[in-house]
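Read off the chains here:
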Amino acid sequence: MTTSAAALIWCFGIVIWTIIRLPHRRRAKRTAVVSDKKSLGEQLALSACIAGLVVIPAVHLVFKTFEFAEFTFYPVQGWIGALAMVTFLSMFHLSHKHLAKNWSVTLEIREGHKLVDTGVYSRIRHPMYTSFWLWGLAQALLIPNWIAGLAGVASVAWLYFSRIENEESLMREQFGADYDAYCSRTFRLVPKIF
Ligand code: SAH
């Protein structure tokens, strides 16, 4: 695989990501919010994700902005990156499908919010965040650049570590013992097999 092919796979992934998310954003606008844990920090972390996962790599691919920070590209990393991209998109799609009208881009409880513990949520508590980590990994492998390639995983780390405790405490306030029981059946990012 060449660097151009790897960059094209990254671009294709971003297009599919946009298409998957579009109907969920539209539906979320129609579903009322009853409570939230939104904050400035949360908004900043979300903006950092858009910058790190979309804007910075796109600008670099078009204008070669960070050419000085390129590292050697080996075809095998392109193939592993492509696999990570496909896995990310599949998990991203499944997590939206199962969360359905309970999904929000930020930390919110919606009207009639239900605790989802089926499908991809039956074994992993935060499959969408697992998919984000895979997205960051795919970017680092497909764009061989210390800045444009690694900006994704850095911004995912910011969002994940600043949000995870708040999100789980929001869920615990809403669902109480049911959420505690759900936590004991699942890990955060990887399947609990036994
Ligand atoms: N952390 C989850 C969901 C991310 S979307 C994941 O990674 O898959 C964020 C929204 O999902 C939050 O507003 C929260 O209210 C909601 N949420 C998180 N886990 C949920 C669950 N198991 N059931 C229902 N809603 C959930």
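Residues numbered from 1 in each chain as written. Predicted model: local features only at pLDDT ≥ 70, side-chain atom pairs only at ≥ 80, totals over all residues. Heavy atoms only, no water.

(A) Molecular detail of the pattern of salt bridges. By the definition in use, this model includes nine salt bridges. The salt bridge partner of D180 is R172, with a shortest N-O separation of 2.8 Å. Of the residues examined, D180 reaches a relative accessible area of 38% and is grouped as partly exposed. Taking the relative accessible area as the measure of exposure, R172 reaches 34% and is therefore partly exposed. (Salt bridge = Lys/Arg side-chain N within 4 Å of Asp/Glu carboxyl O. Buried < 20%, exposed > 50% of the residue type's maximum accessible area, 1.4 Å probe, protein only.)

(B) View of the packing of helix α4 (residues 127-142) against helix α5 (residues 151-185). Viewed as axis vectors pointing N to C, α4 and α5 meet at an angle of 165°, and their least axial separation amounts to 8 Å. Considering the angle they form, α4 stands roughly antiparallel to α5. With respect to the hand of their crossing, α4 and α5 are arranged in left-handed fashion. Between α4 and α5, the contacting residues are Y129, F132, W133, G136 and Q139 on the first element and A151, G152, V153, V156, A157, L159, Y160, F161, R163, I164 and E167 on the second. (Axes fitted to C-alpha atoms, helices over the stretch in contact; angles between N-to-C directions. Helix = DSSP H or I, 4+ residues; strand = E, 2+ residues; numbered from the N terminus. Parallel < 35°, antiparallel > 145°, perpendicular 65-115°, else oblique. Left-handed = near helix turned anticlockwise from the far one by under 90°. Contact = heavy atoms within 4.5 Å.)

(C) Region of the structure containing the environment of L8. Inspection of the secondary structure puts L8 in helix α1 (residues 3-30). As for L8 and L170, which are separated by 162 residues in sequence, their C-alpha atoms are 39 Å apart.

(D) View of the site of the ligand. Taken together, 19 residues surround the ligand, and among them E108, V116, Y121, H126 and E167 come closest. For the ligand, an oxygen atom lies 2.9 Å from a polar atom in the backbone of T106. Within the side chain of Y121, an N or O atom sits 2.6 Å from an oxygen atom of the ligand. When residues of the shell around the ligand are traced back to their parent elements, those giving at least two are α4 and α5. Across the shell around the ligand, the residue classes break down as eleven nonpolar, five polar and three charged. (Near = heavy atom within 4 Å. Polar contact = N/O pair within 3.5 Å; in protein donor to acceptor, adjacent residues only side chain to side chain. Nonpolar A, V, L, I, M, F, W, Y, C, P; charged D, E, K, R; others polar.)

(E) Molecular detail of the packing of aromatic side chains. Tallying each qualifying case throughout the model produces 13 aromatic pairs. When the ring of F132 is compared with that of W135, the centres are 6.1 Å apart and the planes differ by 65°; the resulting orientation is edge-to-face. Of this pair, F132 and W135 both sit in helix α4, three residues apart, which is roughly one turn of that helix. Under the relative-accessibility criterion, F132 is labelled buried at 9%. Summarising the aromatic geometry, the rings of W133 and Y160 are spaced 5.8 Å apart at their centres and angled 70° between planes, so their arrangement reads as edge-to-face. A residue pair is termed long-range when its members are at least 10 positions apart, and W133 in helix α4 and Y160 in helix α5 qualify at 27 residues. By way of ring pairs, the aromatic residues W17, F88, F92, Y129, F132, W133, W135, Y160 and F161 are connected into one cluster. (Phe/Tyr/Trp six-rings, centres within 6.5 Å; stacked < 30°, edge-to-face > 60°.)

(F) Looking closely at the confidence of the model for the protein chain. Per-residue confidence for the protein chain averages 96 on the pLDDT scale, and 100% of its residues sit at or above 70. Considering each helix and strand of the protein chain separately, the mean pLDDT is smallest for strand β1 (residues 33-36), with a value of 90, and largest for α4, with 98. (pLDDT = per-residue confidence, 0-100.)

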